[in-house]
Structure formats: C-alpha cells, structure tokens
Amino acid sequence: MLTKIAGGDIIDPVNGRVGKGDLWIRDDKIIAAPVGGAADRTIDAAGCIVMAGAIDIHSHIGGGNVNTARLLLPEQHAAHQERPVTTPLSNAGWSTFQTGCLYAKMGFTTVVEPAMSPGAALHTHLELADIPIIDKATLAILGNDDFLLSMIRDDASSQMIEDYVAWTVASTRALGVKVINAGAAAAFKENVRTFSLDDVVPSYGVSSRKIVKTLQAAVDSLGVPHPLHVHCNNLGSPGSADTAAATIAAAEGLPLHLAHLQFYGYGTEGKRKFSSAAARLAELVNATPEVTIDIGQVMFGQTVTVSSDVMRQFSARGSAQPKKSVIHDGDGNGGGIVPYSYGKDFYGAMQWAIGLELFLLIDDPWRVFFTTDHPNGAPFTAYPALFELLMSREARTEMIARLPKSAMALSTLAAIDREYTFEEIAVMTRASPAKLLGLTDRGHLGAGAIADIAVYRRDGNIAKMLGQAAYVFKDGDLVVQDGEITHYRWGKALRLNPSPDKAMVRRLEDYHQQRYGLSLDWFNFPDSAIAREQPFGEVACRT
Amino acid sequence: MAVAWIGNRETLVERAAAHAAALLGSSRCPVFSLDTDIHGTRAAIALAERVGAAYDHADSAAVSRETALFTDKGAMTVAPGEARRRADVVVIVGELPQIHHQFVSELSATVPDLSAKNQREIFLVGSNGASAPPLNNGRTATLLSCGEASLGATLAALRAQWKGRQTSQPVSNFDDFTKALEAAHFPVFLFSGDATEGLALEMLQGLITDLNRKSRASGLHLPASENGWGSALASTWMTGFPLRTGFARGVPEFDPWRYDVARMIADGEADLHLRISSSIVQPQKKKNRMALIALAKTEEPIAGAAVTIAIGEAGVDHEAVVYSSRTGSLRSIDARAASELPSAATVIRLVASHVSAEAALPC
Ligand SMILES: [Zn+2]
C-alpha cells in the first residue's frame, strides 16, 4: 500500500529536511517520492507538522516492580470510560493496554522500560507484549548481583565480565544495561543504610565506582549501542549534586548515560538546606561530551515512585502518601514502591524548577532526554504539559507565580528565556534517542526508515497539539486519528542478541545449581513463551 | 478420544465452543473461576471483558488474603533465592501449604552462603499443636507459641515482647528467639495466606518493620496457590487490578467482596459459571439453576455441566508459563508428556471467537 502524507511541515533534523512537503510510505517503510506514483491513500497534513514517531528512553512501563505498584494502589486507577469496542481493555486504568494507547495518542512509537531485573525477564516481556501498538525495549539491571560483585572482587578478567554481561543481555532479551545505585542494594542486605560512589560493599570490598567503571567498560567493549545507563547513588538527598558531579567526572572519556538527573540536582543552600544545583550540573554536562542525561521531570500531583534502588526507597517509606509501601530484597536489586504526591510546596516547587533548569541550561538537545522517569517524577501522561513548559516561557512564568517565592529564589529558572523549538523537540524526542539506543531504522523520516510517523495539527495550545496527534502511523499502520486510537496492532520488544560464551554458560549453570539449587532452565525461556507472533526485533551491536 | 460434550452428549469442540459462547452471550451474570497458567488467565480475562464477567481464583480465600496484604498495607518481601542464600534465621509463620514443604526442607539442609554466619536456625510460629514441614537431618523447628492462641495473637505477642512490652501470655522459647535475632544478619519469615487470617499477615509485617529499625529482616511470600498468584499478577497488568475483578459495568472494577465468585455462586447472583481448571473439581453448592461450562482435563463430561471441553495440563500436555514460588517470578515450563489436548488459552480463544464482537481478542 502506498500512502502519501501531503503538504505537512516536515521536521526531520537527521536528514536536514525542514519545511513544507510530502512524505511517502510504502507498506511499513518510508520511501522517496515515487516517480509518477499514485497514492492508495492520501492524508491531508496541511496545517500540521510531521515528525518521526517519538521515542522514550526511560519509562517504567512493565515488569515486577511496576506490577507491584499497581497491586499496591487499586484505589488510584479506577477506569471511567465505556468498554472500548475496537481496543479491548484500553479503558483499564494503568493497564498494559492503556499504556500503549496513551503513548500512541501522543505520537510515541517506541518506549524503553529501563529497569528489568534479569530474574524477572520473562514476566517483564509478557507485560510488554500486552502493551499494544508501540515497540518496546528493556535495559537489564546488573551491579548488585553476587555473580558480578564476586567476579570484580576476585579480579576476573575483563573478558569474563564481558561474557557475563553478554549472556545477561542475550538471555533476558535486553537492549542495554543499567546499573542502579551500584552496590547499594547488596550493601543494604548487610544493613548499610547510605551508600556513596566511593563506599564499599562490605562482603566484597568493591566500591560503587569500581562497579560502574567495570560495567561501563564491558558495555562499551561489547559494542552495546546504548552506553551504560547509570542511576547514581544518593538519589533525592540534599547535596546529591556532588554525587552526580563525581559520576559525570567518572565517565573519563567513555560514553555514560545518567538517568533522571533532576533527582540529583540538589544543593544544600538556603535555610532548608535544599536548593537548586541545576546550573552547576548543566555546566558539567555541557563540558563533558561523552555524557548524556535524561531529566526525570517532576510535575505536580499524585504519583507513585517505583524504583530498583531499594535502599533509597526504604529510607523514603516514611513519606508514603497514602501510607503503604512495598520493599523487596531481590536476587540483585529488588526494589521499592512508595506512593507520593508532589505538592506545590517548597520542596515540590524546587524539584519542578530544577528539572526545567536542566532542560533549558543544557545546550545540546542531542544529549538531554525528555523523561519524567514515569511514574517517579510524574506519569508520562504529563508529557503534553511538559512540552508546553519547555516551549513557552509564558507557561513557565504563569506556574512560577503560583509557587513559593522561597523556592524560586533558590533557582535560576525565572531568569531563563530559552524556548525549545519544534526542531529541538524533534531532536530530543526522536533523533537523539534513536541514536543513543542504536536504532538506525527510526527517529527520522529518511527513505528506508520504518514508517513510525506522528502528525500534529498546529495549535496555539502546545499541550493539546502534542497530546492528541492528528495522525500516528506505526510501521505504516494508521493507528491514531484525531487523538483517538483506531485499532490495535502488536509491536516488538527490541533486543540485542550477542552469542553467549559456552564456558560462561557452563559456569552459570554450576553457579545456579550450587547457590540456588536450581538449573539455569528455571530462568531461561523460549520466544514462544511470549505467545505472540514475532515478539522480538533484533538490533545489531556495534562492530 | 472424546474431547467435548454438550450436556452428556459427545460433540465436536467447535460446536461445544459455539454453545458455550451462546450461553455466555445470553448470561446476565457470568462468573469465571480460574485455576490455570498465565496464558489461560490472559485469555480468560479478555473473554471476561467481552461478556461482562467477574473472575476469581477457583479456591480464592487464601489468594484474596495475600492480595489484601498488598492492596491494603504493603509489605517487606524477599526473593526465595536470597532467602536461601542469606537467611541465617528462618521463621515459619503458621502452617505452610504442602507445595512449599520441599523448599523448607531444602532450607534446613543448606546454610546461607552469603551470610557471615554459616548456619541457619529455624523457628515455627503457631499454636501448641502446630507442626513444621519435615526438616532435614532430623532437625526440628523451635516453637514460638502462646498456647492455643491464634496465629495473629501469637504474632502480636511476639511483636509486643520484642518491643519489651508486657504480654498476658508469654511466647514459648522467646529467649531463644531473641538470642537468634540479635545474632542474625538476615532473618526471613516464611508466610502464606493459607490458614492465616489477614490480620496475622499485617501483624507479621509490623514485626518485620520493627526489626528493620535496627537490622535487616524480611518476609518470603510463599503463595497458597502458584496458579492463583500467577493469575493475580496477570490480572493486575491487564486490568490494573488483581483477582475478584468484574466487568459488569463495562469497566474493570475490583471489589474483593462483591466479586468473590464463590460468594456470587452461593448467593445465587451468578447464572453462569465458567470453570477453568485442568483438575476435576466437585460441583459447588448453589442456590439457583446456574449453568456450568467446564474446561477440565477429563475423558468424560463433567456432571451437571451444560458444556464440557477437555483441556490439557500446563507443563504436562503443553508448554506453559506459570508462577514459580521457587524463583518468585514467572517461569516457562516444557510439556512433560506432550499431547494433543489443547491448552486452556486455546479453548477460551475458540469460545471467544464465537462471541460476536468488532475486534479480535487482545490475548
Ligand atoms: Zn527510572
């Protein structure tokens, strides 16, 4: 089928194409304008902007901890809409089905679940497979697991460590590797309650820094396209900017991605000893080209924090609203679920401002990524409002006026003029995520790219415009019209597939037998376990 | 071999499925009870939405108590692998279901390799007559009891005594317990919703919270039913809610009293019961002329069922995904003795294909 998206304003920074024109799709791919071709279907995009489908690199959309959060808070996601006829279960609040639909309506076509516990890989992929329309991917968590920590303690060769990382990525069907408060979850099991970059996990004598550096090197050497994804130590605490600064410095020339930097943008000034250190961190990011970051923007309202940083979540239990939480000591990281409401009080306002400062003070839209760390800073449904804040100084000024002056005095936000352009939005939410994840087939509108396309009708109300796409195509299927889902299709989970080293597999078999009393079969699964046609799409490692 | 019946009459699977669909289509209040694998659960929930049914586990009292712990209060939990590798004190809380006895015996036969203490002490909380699952090497668990007091009351006393408060009846062997906890690095409490009142689970979590003020401790959730907990997890991601969810009003609603399927049947609210279980279950007592559709591993029609369709057993007749309490997560299992018998999911999808609708079932 030949489709022509006619007369839209095309914004495709990767291919340097900006301006009015047509975009052609044959079946599931974007093609160059065919000579004398007659379209089977023409979409009138006059008055619209046309971009590639958006990509979210860090959103907790599925897996053990997310599901536990659903279980903990049934009162928070009652459904209200009628039973959908064409998209079953999509009205179910916070279900996998609703997740795919809500993302698609905003023009997002690929979303990365950034915290897959290797032991719960099958569970995670089953949830992702029930997220309709969009493509998904996962990052496998390492860095608190006994196997890795023991290898580092015992000075295992970098080859062996790479073999283990490759096996983990391959067997869990991950697209990359994440380390979450490296070493802290292991230390917490030994009753350590705070943990910093140069602290040492007691039984292993291995520092957090050493774990991060080891994994960073392994990921780079294996050619995993996405750099090691780091959730730093000391998340959320006043003064955590020092930890983030030290971690940025620890990149030392190799690629490193820091997740939800907003949660580390905290200084210790003012009478509450809580202030914005965003300007300092932005300057460091600007000066460190090998580092990329995403924000984890806070937006006001009720949410729930879902994190594999079990030590941090344990210490945050007292702030739970409503007063209930789950803390799980897992095989590696485990995790914690703590519901929380961001109010327009001093602290909430400070966090909100810090995220925006980071967005606006980091110069290069190729190195700053658009996230709320869903649902930790805010649910992803806050994205349209967040786009508006980035693109409109006026919108920011209005909100600032409603926030405590004491907080705004400790932030530079009010003085920042910058407004993101649509081109910068296209870079930040399309081009750069594709590049960061090694997905050459998306994030742009060049011939040969998969036809993941979002068409937005221009509107003075940016939140409305970017919140309800006029048209969305996924792999060439028209899935959204006028902000409504038209039908389901089933995307893939994108994964790497490095071949595991046989000696490492034998070693792991022995390890599981000895330590868990179980063979490795208990943790492996065939693709058929997912029970969907082609549940996975393979992405190549760098060679 | 016959695989489908309408009443007592043998028929083609296709016809039985069409008849089941017709019954579902005309039912005013259909209810589903599940004892099946993950994909069976997914298919059943998708069908439940389409026909406006409520669904629950087939033997749901314990699953419901375990669910309520999470929905109402939250918990501190530990993975079974970590319990095996780290627990230097194991406390068995009440009677554990038979399916977990093997693991308990394994705990008693091994020592925690990630603990500085190379041994494991084992306690049992319960009334005087309580017995632990058989332990290895002739070991016995030290009993912590308050005579005939209930489990909840015993746990309350244990918690109070730990905090240094007076209790009306002291817990037996409390000094041993204190000594063990004081030396412990990572005590783990094994609990299940089986034979444990909900308040006891909350009281246990209170004790674990108290212990964590000074030192680490956690609870290992050993579900009363692995299928039940697996279904609860799948239901939670699919609808946002655990079991005892209903689609009577078109949207999923979670109500642990209203959608208690056994209650709905006993009170005569349900007029159609779809029972999905590879094992053969005795028909439940009921007030009205409720119709039964039975999906079961059977070679003959189920007594009293309007429709019977034979299904295979997960992990025996076909590969499956199930909850494993041994790993604390979902697990893929091969068919031990692969057969032609279809999975529950396959049969449910076949039934659903006969219910008129505009879109395909999403699972
Ligand atoms: Zn996150």
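Every value quoted in this text rests on a predicted model; they were computed, and no experiment measured them.

Procedures and definitions
- Residues numbered from 1 in each chain as written.
- Chains lettered and ligands numbered in written order.
- Predicted model: local features only at pLDDT ≥ 70, side-chain atom pairs only at ≥ 80, totals over all residues.
- Heavy atoms only, no water.
- Helix = DSSP H or I, 4+ residues; strand = E, 2+ residues; numbered from the N terminus.
- Rg over C-alpha atoms; globule rule 2.2 N^0.38 Å.
- Buried < 20%, exposed > 50% of the residue type's maximum accessible area, 1.4 Å probe, protein only.
- Contact = heavy atoms within 4.5 Å.
- Areas by Shrake-Rupley, 256 points an atom, 1.4 Å probe, with all protein chains shown as cover.
- Lys, Arg positive; Asp, Glu negative; His and termini not counted.
- Charge placed at Lys NZ, Arg CZ, Asp CG, Glu CD.
- Buried area = accessible area lost by both parts, 1.4 Å probe.
- Salt bridge = Lys/Arg side-chain N within 4 Å of Asp/Glu carboxyl O.
- Polar contact = N/O pair within 3.5 Å; in protein donor to acceptor, adjacent residues only side chain to side chain.
- Nonpolar A, V, L, I, M, F, W, Y, C, P; charged D, E, K, R; others polar.
- Pairing = 2+ DSSP bridges.
- Domains from an automatic or database assignment.
- Expected span 1.5 Å × (residues − 1).
- Axes fitted to C-alpha atoms, helices over the stretch in contact; angles between N-to-C directions.
- Parallel < 35°, antiparallel > 145°, perpendicular 65-115°, else oblique.
- Left-handed = near helix turned anticlockwise from the far one by under 90°.
- Donors = N, O, S within 2.8 Å, 3.2 Å for Na, K, Ca; no water.
- Phe/Tyr/Trp six-rings, centres within 6.5 Å; stacked < 30°, edge-to-face > 60°.
- UniProt positions renumbered as here; feature names shortened; annotations may be inferred.
- Core = buried A, V, L, I, M, F, W, Y, C linked by side-chain atoms within 4.5 Å.

Novice: Tell me about the overall build of chain A, and name the residues and values.
Specialist: When helices and strands are tallied, chain A shows 17 helices and 26 strands. In terms of overall size, chain A behaves like a compact globule, its C-alpha atoms giving a radius of gyration of 23 Å where 543 residues would be expected to give roughly 24 Å. Its C-alpha atoms put chain A at 70 × 60 × 45 Å along the principal axes. Within the span of chain A, comprising 543 residues, buried residues form 64% of the whole. Summarising the internal contacts of chain A: among those between residues at least 6 apart in sequence, 76% fall at separations of at least 24. Counting only carbon and sulfur atoms, one obtains 50% of the accessible surface of chain A, whose full area is about 17800 Å². Seen as two clouds, the 49 positive and the 59 negative side-chain charges of chain A have centres 3 Å apart.

Novice: Residues and numbers for the interface of chain A and chain B, please.
Specialist: In this complex, chain A contributes 64 residues to the contact, which on the side of chain B involves 61 residues. Regarding the contact of chain A and chain B, the summed buried area is about 5100 Å², with carbon and sulfur atoms giving 55% of it. Linking chain A to chain B there are five salt bridges. We note a salt bridge from R42 of chain B to D130 of chain A, for which the minimum N-O separation is 2.6 Å. The tally of links from chain A across to chain B stands at 30 residue pairs in polar contact (both at pLDDT 80 or more). For the side of chain A that touches chain B, the elements supplying multiple residues, two or more each, are α1 (64-72), α2 (96-105), α3 (121-129), α6 (184-189), β18 (325-329) and α17 (502-516) of chain A. Taken together, the residues that form the side of chain A that touches chain B break down as 31 nonpolar, 19 polar and 14 charged. Note that β18 of chain A and strand β5 (residues 74-78) of chain B share five bridges and pair parallel. Within β5 of chain B, the position partnered with H328 of chain A by the bridge is T77 of chain B.

Novice: Run through the domain arrangement of chain B, naming residues and quoting values.
Specialist: Residue and element names in this part refer to chain B. According to the domain assignment, chain B contains domain 1 (4-59 + 226-353) and domain 2 (67-221). Here domain 1 and domain 2 have C-alpha centroids that lie 35 Å from each other. With eight residues of domain 1 at the contact, the number on the domain 2 side is 10 residues. Across the interface of domain 1 and domain 2, roughly 760 Å² is buried in total on both sides, 64% from carbon and sulfur atoms. Of all residues in domain 1, W229, S325 and R326 bury the most surface against domain 2, accounting for 65% of the area lost on that side. Counting every contact that joins domain 1 to domain 2 gives one salt bridge. Linking E106 and R326 is a salt bridge whose minimum nitrogen-to-oxygen distance equals 2.4 Å. Connecting domain 1 to domain 2 are two residue pairs in polar contact (both at pLDDT 80 or more). By residue class, the composition of the side of domain 1 that touches domain 2 is three nonpolar, three polar and two charged.

Novice: I'd like a rundown of helix α6 (residues 151-162) of chain B, residues and numbers included.
Specialist: All names here are of chain B. Taking 1.5 Å per residue, 12 residues should reach 16 Å; α6 reaches 16 Å between its end C-alpha atoms and fits that length. L151, G152, T154, L155, A157, L158, A160 and Q161 are the residues of α6 that are buried. Elements in contact with the buried residues of α6: β6 (89-93), β7 (121-125), β8 (142-144), α7 (174-183) and α8 (198-212). Immediately downstream of α6, the backbone of G164 shows phi near 85°, a positive value.

Novice: So what about the packing of α6 of chain B against α8 of chain B? Which residues, and what values?
Specialist: All names here are of chain B. α8 packs onto α6 with a crossing angle of 15° between their chain directions and a minimal axis gap of 8 Å. Classified by the interaxial angle, the pair formed by α6 and α8 is roughly parallel. In this structure, the crossing between α6 and α8 has a hand that is left-handed. Judged by residue contacts, L151, G152, L155, A156, L158, R159 and W162 of α6 engage A200, M203, L204, G206, L207, D210 and L211 from α8. Its residues placed into classes, the contact of α6 with α8 shows 10 nonpolar, two polar and two charged.

Novice: Describe the side chain of T239 of chain B, listing the residues and the values that go with them.
Specialist: Its place among the elements puts T239 of chain B in helix α9 (residues 226-239). Judged by relative accessible area, which is 0%, T239 of chain B ranks as buried. From its side chain, T239 of chain B meets the backbone oxygen of S235 of chain B in a polar contact 2.8 Å long. Polar side-chain contacts of T239 of chain B include one of 3.0 Å to the backbone nitrogen of F241 of chain B. Excluding residues that lie within four positions of it along the chain, T239 of chain B makes contacts with L89, A92, G93 and S95 of chain A together with I45, Y55, T245, F247 and P252 of chain B.

Novice: Tell me about the packing of helix α3 (residues 61-73) of chain B against α8 of chain B, residues and numbers included.
Specialist: If you want to describe how two helices pack, look at the angle between their axes and the distance between the axes. All names here are of chain B. At a minimum axis distance of 9 Å, the contact between α3 and α8 shows a crossing angle of 50°. As the angle between them shows, α3 and α8 are arranged oblique. As α3 packs across α8, the resulting crossing turns out to be right-handed. Here R65, E66, L69, D72 and K73 of α3 lie close against α8, whose contacting residues are G198, L201, E202 and Q205. Residue classes in the contact of α3 with α8 are distributed as two nonpolar, two polar and five charged.

Novice: Explain the pattern of salt bridges to me, using residue names and the numbers behind them.
Specialist: In the structure shown here, the tally under the stated rule is 43 salt bridges over all chains. A salt bridge links D146 of chain A to R85 of chain B; its shortest N-O distance comes to 2.6 Å. In this pair, D146 of chain A sits in helix α4 (residues 146-153) while R85 of chain B sits in helix α4 (residues 80-86), so the two residues belong to two different chains. One exposure class covers both D146 of chain A and R85 of chain B, and it is buried. Through salt bridges with shared partners, one network takes in D135, D441, R442, D452, K474, D475, D477 and R489 of chain A.

Novice: Describe the coordination of the zinc ion, and please don't skip the residues or the numbers.
Specialist: Residue and element names in this part refer to chain A. Ligation of the zinc ion by protein atoms is provided by H58 (NE2), H60 (NE2) and D373 (OD), these donors lying 2.0 to 2.1 Å from the ion. Of note, the donors binding the zinc ion are all from one chain and are spaced H-x1-H-x312-D. Of the two residues examined, H58 and H60, each falls in the buried class.

Novice: For the packing of aromatic side chains, give the residues involved together with the corresponding values.
Specialist: Residues and elements named next belong to chain A. For the structure shown, the criterion picks out 27 aromatic pairs over all chains. A ring pair is formed by Y103 and F380, whose centres lie 3.8 Å apart and whose planes are at 15°; its orientation type is stacked. Residue Y103 is located in helix α2, and its partner F380 is located in the loop between β20 (368-369) and α12 (383-391); the two are separated by 277 residues in the primary sequence. The residues Y103 and F380 share a single accessibility class, namely buried.

Novice: Tell me about the UniProt feature "domain: Amidohydrolase" (unreviewed entry) in chain A, and please be specific about residues and values.
Specialist: UniProt annotation of "domain: Amidohydrolase" (unreviewed entry) refers to residues 41-459 of chain A when read in the numbering used here. Along residues 41-459 of chain A one finds 36% helix and 19% strand; the C-alpha atoms at either end are 25 Å apart.

Novice: Run through the sheet that holds strand β14 (residues 291-296) of chain B, naming residues and quoting values.
Specialist: All names here are of chain B. Taken in spatial order, the nine strands line up as β2-β1-β15-β14-β13-β3-β4-β11-β12 in an open sheet, and their pairing is mixed. Only two strands of the sheet have a single neighbouring strand rather than two, namely β2 (9-10) and β12 (253-254). Where strand β3 (residues 30-35) lies against strand β4 (residues 54-57), four bridges are found, and the strand directions are parallel. Directly across from F32, in β4, lies its bridge partner Y55.

Novice: Any chance you could break down the nonpolar core for me, citing the residues and the numbers?
Specialist: Note on soluble globular proteins: their nonpolar side chains tend to be buried together. I211, W352 and F359 of chain A together with F32 and L47 of chain B are the most contacted members of the largest nonpolar core, which has 244 residues in total. Top contributing element to this core by residue count: helix α11 (residues 346-361) of chain A, with 10 residues. Viewed by domain, this core spans two of them, domain 1 (4-59 + 226-353) and domain 2 (67-221) of chain B, each represented by three or more residues. If sequence neighbours within four positions are ignored, I211 of chain A has contacts with G143, L148, L149, I152, V179, A182, G183, V201 and V206 of chain A.

Novice: Outline the environment of F300 of chain A, listing residues and values.
Specialist: Residue and element names in this part refer to chain A. Within the secondary structure, F300 sits in the loop between β16 (291-294) and β17 (301-307). When the C-alpha positions of F300 and G377 are compared, they lie 8.6 Å apart, and in sequence the two are 77 residues distant. Residues within four places of F300 in sequence aside, it is in contact with Y342, G343, K344, G348, A349, W352, M399 and L403.

Novice: Can you tell me about the pairing of strand β5 (residues 48-52) of chain A, naming the residues and giving the values?
Specialist: Residue and element names in this part refer to chain A. With five of five residues buried, β5 is to be regarded as a mostly interior element. Where strand β1 (residues 2-12) meets β5, two bridges bridge the pair, whose relative direction is parallel. Pairing of I10 across the sheet is with V50, part of β5. Pairing geometry for β5 and strand β21 (residues 453-457), over five bridges, is antiparallel. Each residue of the ladder has a partner; that of A52, found in β21, is I453.

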